[in-house]
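# Chains, contacts and geometry: an overview
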Amino acid sequence: MKNLIQPPKPCNIKYMPEFLFRDKNGAFQKLLDEHRKYEINLKRYEIISKYRKLDEPSPSVISEFLQATEYKISRNAFEQLNSSCHYIAIAKISGEYGFGAFDVFSKNLDFFFSELEAIIVEPKVLKIVENLTKICPH
């Protein structure tokens with residue numbers, strides 16, 4: 001189902017999820033709880049508004065991000081996600097960057113790289129590209 005946040009699966013997954021949020025001290029969990037509360041309130045609104053006037057619930061920060069038709073993020077959402085997560089990874093689903101490519105943003109990329117290093121199996125191949133024109137000058 002689109003725009004749902006799934007908890008990690010107990011088994012290995014073959015592909016990176018579209019979004020990966022690494023919670024920081026329960027702060028992301030609070031944002032997630034707000035998102036779930038919004039989903040419940042939205043379902044309630046969709047049912048009750050058929051029979052009487054009711055104010056539509058306001059989306060949470062994560063809800064706005066997930067419901068966007070384009071990959072755009074508001075300043076408020078970016079700041080809240082960046083402060084509530086150790087890092088956020090967004091999969092490159094177009095395929096033009098190769099299998100498993102993703103963007104990541106974080107206030108502390110060292111934390112991200114230490115976790116990434118711990119989960120990469122041999123042979124370790126990690127290619128960091130700051131500017132694509134440096135490796136593909138077309």
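We now turn to the structure provided with this report. (Residues numbered from 1 in each chain as written. Predicted model: local features only at pLDDT ≥ 70, side-chain atom pairs only at ≥ 80, totals over all residues. Heavy atoms only, no water.)

## A closer look at the environment of A101
Counted only if it meets this: Numbered from the N terminus, helices here are DSSP runs of H or I no shorter than four residues, and strands are runs of E no shorter than two. Contacts were defined at the residue level, with two residues in contact if any of their heavy atoms lie within 4.5 Å.
Tracing the backbone shows A101 in the loop between β2 (85-91) and β3 (102-105). Separated by 10 residues in the primary sequence, A101 and A91 have C-alpha atoms spaced 6.2 Å apart. Residues within four places of A101 in sequence aside, it is in contact with A91 and K92.

## A short note on the sheet that holds β2
What counts is decided by this rule: Any two strands with at least two DSSP-identified bridges between them are counted as paired. For every element, the axis is a line fit to its C-alpha atoms; helices are fit only across the contacting stretch, and the angle between N-to-C directions ranges from 0 to 180 degrees.
Reading across from one edge, β1-β2-β3 is the order of the 3 strands in this open sheet, with antiparallel pairing throughout. Each edge of the sheet is formed by a strand with only one pairing partner; in this case those strands are β1 (19-23) and β3. Across this sheet, the average inter-strand angle for adjacent strands is 15°, counted without regard to direction. Taken together, the 5 bridges between β1 and β2 define a ladder with antiparallel strand orientation. Across the sheet, F21 pairs through a bridge with I88, a residue of β2. Docked against the sheet, helix α4 (residues 109-119) engages β1, β2 and β3, running at close to 65° with respect to β2.

## Looking at the packing of aromatic side chains
Using the following cut-off: Note on aromatic contacts: the rings of Phe and Tyr and the six-membered ring of Trp form a pair at centre separations within 6.5 Å, being stacked when their planes are under 30 degrees apart, edge-to-face when over 60 apart, and tilted otherwise. Note on classification: 1.4 Å probe, protein chains only; a residue is buried when its accessible area is under 20% of the maximum for its type, exposed when over 50%, partly exposed between these limits.
Within this structure, the stated rule accounts for 8 aromatic pairs. Geometrically, the ring pair formed by F102 and F112 is edge-to-face, given 6.0 Å between the ring centres and 75° between the ring planes. Here the residue F102 occupies a position in strand β3, and F112 occupies one in helix α4, the gap between them amounting to 10 residues. Consider the rings of F112 and F113, whose centres lie 5.2 Å apart with planes at 65°: the pair is edge-to-face. Taking relative accessible area as the criterion, F113 reaches 29% and is therefore assigned partly exposed. Ring pairs connect the aromatic residues Y87, F102, F111, F112 and F113, which therefore count as one cluster.

## Observations regarding the packing of helix α1 (residues 27-48) against helix α3 (residues 75-84)
The condition that has to hold: Small angles under 35 degrees read as roughly parallel and large ones over 145 as roughly antiparallel, with 65 to 115 read as roughly perpendicular and the rest as oblique. Residues were grouped as follows: Ala, Val, Leu, Ile, Met, Phe, Trp, Tyr, Cys and Pro as nonpolar; Asp, Glu, Lys and Arg as charged; and all remaining residues, including Gly, as polar.
Viewed as axis vectors pointing N to C, α1 and α3 meet at an angle of 135°, and their least axial separation amounts to 7 Å. It follows that α1 is oblique to α3 by the angle criterion. Counted together, A27, F28 and L31 of α1 and Q80, L81 and S84 of α3 form the full contact between these two elements. Across the contact of α1 with α3, the residue classes tally to 4 nonpolar, 2 polar and no charged.

## Structural notes on the side chain of S84
Tracing the backbone shows S84 in helix α3. When neighbours within four sequence positions are excluded, S84 is seen to be in contact with R22, D23, K24, A27, F28 and L31.

Scope: geometric values only; no functional claims are made or implied.
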